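# Coordinate inspection notes
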Amino acid sequence: MNSLQIKVKKVELTSDGWTLNILSPRVATITSPMGVRKTTYFGFDSKEKAKTFQNWIIRKDKCSQAIVRPSERLPTPWEVKAWDTEESLIVQCALKDLQENAAITL
């Protein structure tokens with residue numbers, strides 16, 4: 001049983017309502033003023049790990065498109081920016097990240 005909960009930190013990006021939603025140190029989304037998720041960001045410590053994840057989510061049809069880039073939204077060196085990402089994958093990755101961070105702080 002997973003006792004961790006995702007507490008979303010919302011950061012207003014624009015005055016008209018675009019929001020960065022930080023789910024964990026390595027997972028964030030951007031939503032439109034209407035609350036529609038537009039992109040998802042997954043953070044990685046290396047470009048190689050980011051490329052491996054990018055290849056996997058594209059091959060498994062977990063998103064419509066994904067790019068690897070130096071991080072702009074997350075505190076990690078690299079991020080995968082993905083469009084139309086499966087919600088279950090976003091939640092799974094955020095919970096895994098939160099579990100790993102909780103284990104480090106224990």
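For the structure, see preceding data.
Presented here is an overview of the structure given in this document.

Quick notes on the rules
- Residues numbered from 1 in each chain as written.
- Predicted model: local features only at pLDDT ≥ 70, side-chain atom pairs only at ≥ 80, totals over all residues.
- Heavy atoms only, no water.
- 1 Å grid on protein atoms, 1.4 Å probe; cavity = no way out; pocket = protein on both sides within 12 Å on 5 of 7 lines; lining within 4 Å.
- Points joined across faces, edges and corners; volume = space filled by probe spheres on them.
- Helix = DSSP H or I, 4+ residues; strand = E, 2+ residues; numbered from the N terminus.
- Nonpolar A, V, L, I, M, F, W, Y, C, P; charged D, E, K, R; others polar.
- Phe/Tyr/Trp six-rings, centres within 6.5 Å; stacked < 30°, edge-to-face > 60°.
- Core = buried A, V, L, I, M, F, W, Y, C linked by side-chain atoms within 4.5 Å.
- Buried < 20%, exposed > 50% of the residue type's maximum accessible area, 1.4 Å probe, protein only.
- Contact = heavy atoms within 4.5 Å.
- Expected span 1.5 Å × (residues − 1).
- Arc of directions from axis to C-beta.

### As for the layout of surface pockets
Approximately 370 Å³ is the volume found for the largest pocket. When residues of the lining of the largest pocket are traced back to their parent elements, those giving at least two are strand E4 (37–44), helix H1 (47–59) and helix H2 (87–105). Partitioned by chemical class, the residues of the lining of the largest pocket number seven nonpolar, two polar and six charged. In this structure, the second largest pocket encloses a volume near 170 Å³. Forming the walls of the second largest pocket are Ile-6, Val-8, Asn-21, Leu-23, Thr-29, Thr-31, Arg-37, Glu-87, Ile-90 and Val-91. Elements represented by at least two residues in the lining of the second largest pocket include exactly strand E2 (19–24), strand E3 (27–31) and H2. Looking at which element gives the most residues to the lining of the second largest pocket, the answer is H2, with three residues. Across the lining of the second largest pocket, the residue classes tally to five nonpolar, three polar and two charged.

### Some details on the packing of aromatic side chains
Going through the model one piece at a time under the given rule, you end up with three aromatic pairs. Measuring from ring centre to ring centre gives 4.8 Å for Phe-42 and Phe-53, while their planes differ by 55 degrees; the resulting arrangement is tilted. On the criterion of sequence distance, the pair formed by Phe-42 in strand E4 and Phe-53 in helix H1 is long-range, its members being eleven residues apart. Measuring from centroid to centroid gives 5.2 Å for Phe-44 and Phe-53, while their planes differ by 45 degrees, and the two rings are tilted.

### Comments concerning the nonpolar core
Ranked by size, the top nonpolar core spans 16 residues in total, and within it Val-27, Phe-42, Phe-53, Ile-57 and Val-80 carry the most contacts. For this core, the secondary-structure elements that each account for two or more residues are E4, H1, strand E5 (65–70), strand E6 (78–83) and H2. No other element matches H2, which puts four residues into this core. Setting aside chain neighbours within four positions, we find Phe-42 in contact with Arg-26, Val-27, Phe-53, Leu-74, Trp-78, Glu-79, Val-80, Ala-82, Thr-85, Leu-89, Ile-90 and Cys-93. One finds Leu-20, Ala-28, Ile-30 and Tyr-41 within the second-largest nonpolar core, a separate group that totals five residues.

### Concerning H1
The end-to-end C-alpha distance of H1 is 18 Å, a good match for the 18 Å that 13 residues give at a rise of 1.5 Å each. Residues of H1 that are buried: Ala-50, Phe-53, Gln-54 and Ile-57. Projection of H1 onto a plane perpendicular to its axis shows the buried side chains occupying an angular sector of 105 degrees, all on one side. Seen from the open side of H1, the exposed residues pointing more than 90 degrees away from its buried face are Glu-48, Thr-52 and Arg-59. Two residues or fewer after H1 comes Asp-61, characterised by a positive phi angle close to 55 degrees.

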